Amino acid sequence: MEVDIKRIITRLEELYLCGQKEDGTFTRMAYSDEDIKGRQKFRGYFEKLGIPVRLDEAGNMIARLEGENKDLPAILIGSHLDTVPDGGKYDGVLGCVAGLEVCEMLAANKKRLKHPLEVIVFTDEEGFRFGNGLLGSGAICGEDLHIQESDLDMYGQTRKEVFEKYGIKVSDVAKAKRNPETVHCFLELHVEQGVSLYKHKIPVGIVSSIAGVSRYEIQVKGQANHAGSTRMEDRHDALVAAARFIAAVPKIVAENGNEFTVATVGTMKVTPNSVNVIPGNCEFLLEIRDQSAEVMKLIEEKLKAELETICGEMEEELTWIHLSYHAPAPMSPQVKQAIEKAVAKQKAEYTVIPSGAFHDSLLMTEVFPTGMIFVPSVEGISHSRYELTMEEDIKRGCSVLLDTVLEVDSMEIPCLKKER
């Protein structure tokens, strides 16, 4: 069976155009008219195939192709259609279109799987509208989503009114939770959103895990003073201390992490924030990501010790608060093995690679046997209109996904959790 790359590219283009805005940008913000238009377009592809589509309580759109035994747990393929502002054609969408293409190929070749096959379009993966994402996959996994009807979006609309326009209710979202025993495994094809595959000219990445994330709120307190009359040797400049620390971050990560370990200071607040006043207070957020909890803890310890040394030398105070932690999410060994067999069938070069970015698979790994396939992003660019993945890489990725489905259909994969 050979996937139809022209059909795949046409659908990627058609879905991209659903997000066209008057200002010339392309955005399918979750719950927006553009998002709804894209979903209606996607639903239409399945309806032409005669495959039923339903909307669950969290707004996840689910197409189901029955197998020989409808009582067997289903193979799930999924990703998302919503985008960041002025996003690209491939992030999330490729995984959805690839799942559709698998259904097309099975139907065209009159091939019936033993297991049912479901293609899922998850709700609000990106999360920028309300400030928290992965809503659809979180609901399916039974996560406590901490959502309220009174939550306000970036336009001041309540979650209640936004959800009702979308056809769902806040009070019903938790009902989308899926019994783990009804799922054989979950697969997601995605563009890498990094430069590793592209830089090394490797066409396929088999994801080992999704990075864990630790976030910290840090405050350095010095002394605000007149910038003109306070000599350099008499200053306790909080911004200088913070700058020394931030400059040391890359070196500490390189010495104590691996090629995929990252740490970032992405936001900062300086007080009093005046050109003629020495900064007396500096607050910033630090984020550490890695596939190992031990490595993340080591980086945290080394960075904190560095800042303590700097503040000690400059006679300044330090506050270090751990805001949040999400553990690394390893993929299923059995599903990874199936992907490796599929890649071998395609005679494609591959590498095992972690994901530094979050995906719906992040939450799915906790409840269902999960595997991810990456294809290259040109120059590593994503979350941008300049995002690009080459046609040959898209075709190969979709082919690997198809062969992976055929592999897992004949495999015994243990359920991760039993329904209580």
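Residues numbered from 1 in each chain as written. Predicted model: local features only at pLDDT ≥ 70, side-chain atom pairs only at ≥ 80, totals over all residues. Heavy atoms only, no water.

Attention shifts here to the sheet that holds strand 7 (residues 212-221). Spatially, the 4 strands line up as an open sheet ordered 9-11-7-12, and their pairing is antiparallel. Two strands lie at the open edges of the sheet, namely strand 9 (262-271) and strand 12 (317-326), each paired on one side alone. Within the sheet, the average angular offset between the axes of one strand and its neighbour, ignoring direction, is 15°. Contacting strand 7, strand 9, strand 11 (281-290) and strand 12, helix 7 (residues 238-256) runs over the sheet at an angle of about 175° to strand 9. Contacting strand 7, strand 9, strand 11 and strand 12, helix 8 (residues 293-314) runs over the sheet at an angle of about 165° to strand 12. (Pairing = 2+ DSSP bridges. Helix = DSSP H or I, 4+ residues; strand = E, 2+ residues; numbered from the N terminus. Axes fitted to C-alpha atoms, helices over the stretch in contact; angles between N-to-C directions. Contact = heavy atoms within 4.5 Å.)

Okay, the packing of helix 1 (residues 5-17) against helix 2 (residues 33-49) next. At their nearest, the axes of helix 1 and helix 2 sit 8 Å apart, and the two run at 150° to each other. As summarised for this structure, helix 1 and helix 2 are arranged roughly antiparallel, according to the angle between their axes. Helix 2 is crossed by helix 1, and the crossing has right-handed handedness. Of the residues in helix 2, those touching helix 1 at Arg11, Glu14 and Leu15 are Gly38, Lys41, Phe42 and Tyr45. Split into classes, the residues belonging to the contact of helix 1 with helix 2 amount to 3 nonpolar, 1 polar and 3 charged. (Parallel < 35°, antiparallel > 145°, perpendicular 65-115°, else oblique. Left-handed = near helix turned anticlockwise from the far one by under 90°. Nonpolar A, V, L, I, M, F, W, Y, C, P; charged D, E, K, R; others polar.)

Turning our eyes to something else, we now look at helix 7. Helix length check: helix 7, at 19 residues, gives a terminal C-alpha distance of 26 Å against a target of 27 Å (1.5 Å per residue), a fit within 8%. Of all bends in helix 7, the biggest is about 35°, found at Val249, and the proline Pro250 comes one to four residues later. Of the residues making up helix 7, those classed as buried are Ala238, Ala241, Ala242, Phe245, Ala248, Val249, Ile252, Val253 and Asn256. Next to the buried residues of helix 7 lie strand 7, strand 9, strand 11, helix 8 and strand 12. The residue sitting at the N-terminus of helix 7 and contributing the capping side-chain oxygen is Asp237; that oxygen lies 2.9 Å from the backbone nitrogen of Leu239. (Expected span 1.5 Å × (residues − 1). Bend = angle between axes of the 7 residues up to and from the residue. Buried < 20%, exposed > 50% of the residue type's maximum accessible area, 1.4 Å probe, protein only. Polar contact = N/O pair within 3.5 Å; in protein donor to acceptor, adjacent residues only side chain to side chain.)

As a further point, take the packing of aromatic side chains. A full pass over the atoms with the stated rule returns 11 aromatic pairs. Each ring, one from Tyr16 and one from Phe26, has its centre 4.3 Å from the other, and the planes form 15°; the classification is stacked. Placement of Tyr16 in helix 1 and of Phe26 in the loop between helix 1 and helix 2 is noted, with a sequence separation of 10 residues between them. On the basis of an interplanar angle of 75° and a centroid distance of 5.4 Å, the ring pair of Phe42 and Phe46 is categorised as edge-to-face. Here Phe42 pairs with Phe46, and both are found in helix 2, just 4 residues apart, close to one helical turn. In this structure an aromatic cluster arises from ring pairing among Tyr31, Phe130, Phe163 and Tyr166. The ring of Tyr45 carries the charged tip of Arg11 above its face, separated from the ring centre by 4.6 Å. The ring of Phe130 has Arg159 lying over it, and the distance from NZ or CZ to the ring centre is 4.1 Å. (Phe/Tyr/Trp six-rings, centres within 6.5 Å; stacked < 30°, edge-to-face > 60°. Lys NZ or Arg CZ within 6 Å of the ring centre and 35° of its normal.)

Okay, helix 5 (residues 159-166) next. Along helix 5, the residues that are buried comprise Arg159, Val162, Phe163 and Tyr166. Along the axis of helix 5, the buried positions cluster into a sector of 95°, meaning they face one direction only. Structurally, helix 5 contributes buried residues whose contacts are with helix 2, strand 1 (53-55) and helix 4 (135-140). Gly167, located one to two residues past helix 5, shows a positive phi value of around 95°. (Arc of directions from axis to C-beta.)

Next up on the list: a nonpolar patch on the surface. A cluster of nonpolar side chains, namely Leu285, Ile321 and Leu323, defines an oily patch on the protein surface of about 240 Å² accessible area. Among the structural elements, Leu323 can be located in strand 12. (Patch = residues over 30% accessible without salt bridge, like charges linked within 9 Å, V, L, I, M, F, W, Y side chains within 5 Å. Areas by Shrake-Rupley, 256 points an atom, 1.4 Å probe, with all protein chains shown as cover. Salt bridge = Lys/Arg side-chain N within 4 Å of Asp/Glu carboxyl O.)

Mapped onto this numbering, the UniProt entry annotates "domain: Peptidase M20 dimerisation" (unreviewed entry) at residues 212-313. Taken end to end, residues 212-313 has its terminal C-alpha atoms 33 Å apart, with 39% of it in helix and 33% in strand. (UniProt positions renumbered as here; feature names shortened; annotations may be inferred.)

Here we take up the pattern of salt bridges. Inspection of the entire model under this criterion finds 25 salt bridges. Between Asp234 and Arg231 there is a salt bridge, and its shortest N-O distance comes to 3.0 Å. When its relative accessible area of 51% is taken as the criterion, Arg231 is described as exposed. The partner of Asp393 in a salt bridge is Arg396, and the shortest N-O contact between them spans 3.3 Å. You can see Asp393 and its partner Arg396 sitting in helix 11 (residues 391-409), 3 residues apart, about one turn around the helix. Using a relative accessible area of 12% as the deciding quantity, one classes Asp393 as buried. Residue Arg396 is classed as partly exposed on the basis of its relative accessible area, which comes to 26%. Ionic contacts of the salt-bridge type, sharing partners, join the residues Arg7, Arg11, Glu101 and Glu104 into one network.

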